[in-house]
Amino acid sequence: MPIKSEAATKRIYLDYNATTPLDPTVAEIIVTNLTEAWGNPSSLYPEGVKAKNVIATAREQTAKGIGAVASDILFTSGGTEANNWVISSTIEHFKQRSQAESKLKPHIISTTIEHDAISLPLSHFREKGEIDVTFVPVNKERGFVTPEDVVNAIRPNTCLVTVIMANNETGAIMPIAEISKLVKERNSSVLIHTDAAQAIGKIPVDVGLLGVDYLTIVGHKIYGPRIGALYIKGLLQNGGAPLYKIFHGGGQERNLRPGTENTAPIAGLGKAVEIASDSVKEFAAAMKMTRDHLEKRLKDDFQDAVVFNCASSCRLPNTCSVAFIGKNREGYNLVKKICGFSCSTGSACHANECKPSQILLEFNIPFEIAANTLRLSTGRETTVADIDKVVDELKHLLLP
Ligand SMILES: Cc1ncc(COP(=O)(O)O)c(C=O)c1O
């Protein structure tokens, strides 16, 4: 720290929940391994062994960063794949386990505030008639999904509970440890997954403390490469969480995700997780300092014309979801007018939409406020001077 990359210095970048620039140490490791660890990791001669060792180190680093063991980590193309894999595996597991016993479809419990990489595969399987799904809403008074509501949704055919660890739009943190505890007390065979894409590097993440069976890791949210990883508790062990092949092929990744390994980005992901977890306290403090400065400046300058969404919730230290009250202040209009900095109205996947984010509405944020919301998310290298420039531009655009 501070990290200086082109992406971060040219304009003021305030959309670190969408993606992050590469950490220079991570970039160096990727480049070095592209040229030096190019051997096929399955080959038995030294070039192959070198690549295999690089992957083993990355697996150790990734596991250690979330309190897991290396044998419980598989590398994926990203978060979308990891999330889809958990869903399809747990459906398959239910079908195989209950073939003779039950005519019921597998039932999955999730929430109304998931990223598309969870909500859309679930809707897809439901539309195909393969599963039943309950999307648990956010509790109006408490501002997060309550563990009791999740537990009350459990049915005899429930095979998976999947709840996002921290929401990408509001930063609201869900009580995953409590959910896991109560779900397992009710029915220990129900599997639990959390998508920790937004949480790693911003708050401590430990699979043991969370009590989950699966956890999704995303490289590009933690200054790493565009790949990901999946944690699977006790993978391939007796009593471990089940996982079924995603592809069929050459046997790599314990024959569950075959295909010649992407050695250099995997090395980068390991390093990115290591840096993110080793320094999470410092990073969180730095991001919170600039986010809090941003919210204070906005409050001082805009007074009653700003509303902060989910500000009283337990939330990520870097995320500011703010609405500017008044006519012609819709978020999608504002982002087009802003010149000096980058931000979004919500998830990057919905950047082209001219309507309020469904996720914000699910957080019980009124329509007019959701429509006028911007998501500003600070990063490790954001400075107070950056924030002052951002507020100055917003004042210039919005105040008479
Ligand atoms: C919470 C969450 N889950 C999953 C994803 C998808 O990850 P990937 O882009 O690696 O597929 C994202 C990325 O935007 C995210 O924010």
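What you see is a predicted model, and the numbers here were worked out from it, not measured in a lab.

(A) Fine view of the sheet that holds strand β12 (residues 373-377). The antiparallel open sheet is built from three strands, whose spatial order is β9-β10-β12. What marks the edges here is a single partner per strand, and that holds for β9 (306-308) and β12. Taking the axes of each pair of neighbouring strands and ignoring which way they run, one obtains an average angle of 30° across the sheet. Pairing analysis gives five bridges linking strand β10 (residues 319-324) to β12, with the strands arranged antiparallel. Bridge pairing links Ala-323 to Thr-373 in β12. Sheet strands touched by helix α10 (residues 280-302): β9, β10 and β12. Its angle to β10, the strand with the most contacts, is close to 15°.

(B) Spatial organisation of the environment of Val-306. Structurally, Val-306 can be placed in strand β9. Classification of Val-306 by C-beta neighbours within 10 Å gives partly exposed; the count is 18. Residues Val-306 and Cys-320 lie 14 residues apart in sequence; the distance between their C-alpha atoms is 12 Å. Beyond its immediate stretch of four places on either side in the chain, Val-306 contacts Leu-298, Lys-299, Val-322, Ala-323, Phe-324 and Ile-325.

(C) Structural context of the domain arrangement of the protein. By domain assignment, the protein separates into domain 1 (6-22 + 280-398) and domain 2 (24-278). For domain 1 and domain 2, the distance between their C-alpha centres works out to 28 Å. Taken together, the contact pairs 30 residues of domain 1 with 30 residues of domain 2. Contributing elements (two or more residues each) for the side of domain 1 that touches domain 2: α10, β10 and α12 (358-362). Looking at which element gives the most residues to the side of domain 1 that touches domain 2, the answer is α10, with four residues. Its residues assigned to classes, the side of domain 1 that touches domain 2 comprises 14 nonpolar, 13 polar and three charged.

(D) Focus on the site of the ligand. Neighbouring residues of the ligand: Gly-78, Gly-79, Thr-80, His-115, Ala-117, Ile-164, Asn-168, Asp-195, Ala-197, Gln-198, Val-218 and Gly-228. Classifying every residue of the shell around the ligand gives four nonpolar, seven polar and one charged.

(E) Inspection of unusual backbone geometry at higher detail. Here Cys-310, not a glycine, exhibits a phi torsion of approximately 60°, which is positive. When you line up the elements, Cys-310 lands in the loop between β9 and β10. In this structure Cys-310 comes out as buried when scored by C-beta crowding, with 24 C-beta atoms within 10 Å. The residue Asn-328 is not glycine, and still its phi comes out positive at about 55°.

(F) Structural context of the nonpolar core. In terms of nonpolar packing, the biggest core is built from 95 residues, with Val-150, Val-161, Tyr-214, Ile-217, Leu-230 and Tyr-231 touching the most fellow members. For this core, the element with the highest residue contribution is helix α9 (residues 263-278), accounting for eight residues. A domain-level breakdown of this core finds at least three residues from each of domain 1 (6-22 + 280-398) and domain 2 (24-278). Apart from the residues within four sequence positions on either side, Val-161 is in contact with Ile-109, Val-150, Ile-179, Val-183, Val-190 and Ile-192. Core analysis: the next-biggest nonpolar cluster, separate from the first, contains 14 residues, Tyr-13, Cys-343, Leu-374 and Val-390 among them.

Reading the values: the criteria
- Residues numbered from 1 in each chain as written.
- Predicted model: local features only at pLDDT ≥ 70, side-chain atom pairs only at ≥ 80, totals over all residues.
- Pairing = 2+ DSSP bridges.
- Helix = DSSP H or I, 4+ residues; strand = E, 2+ residues; numbered from the N terminus.
- Axes fitted to C-alpha atoms, helices over the stretch in contact; angles between N-to-C directions.
- Contact = placed C-beta atoms within 7 Å.
- Buried ≥ 20, exposed ≤ 12 C-beta atoms within 10 Å, placed from the backbone.
- Domains from an automatic or database assignment.
- Nonpolar A, V, L, I, M, F, W, Y, C, P; charged D, E, K, R; others polar.
- Near = placed C-beta within 6 Å.
- Core = buried A, V, L, I, M, F, W, Y, C linked by C-beta atoms within 7 Å.

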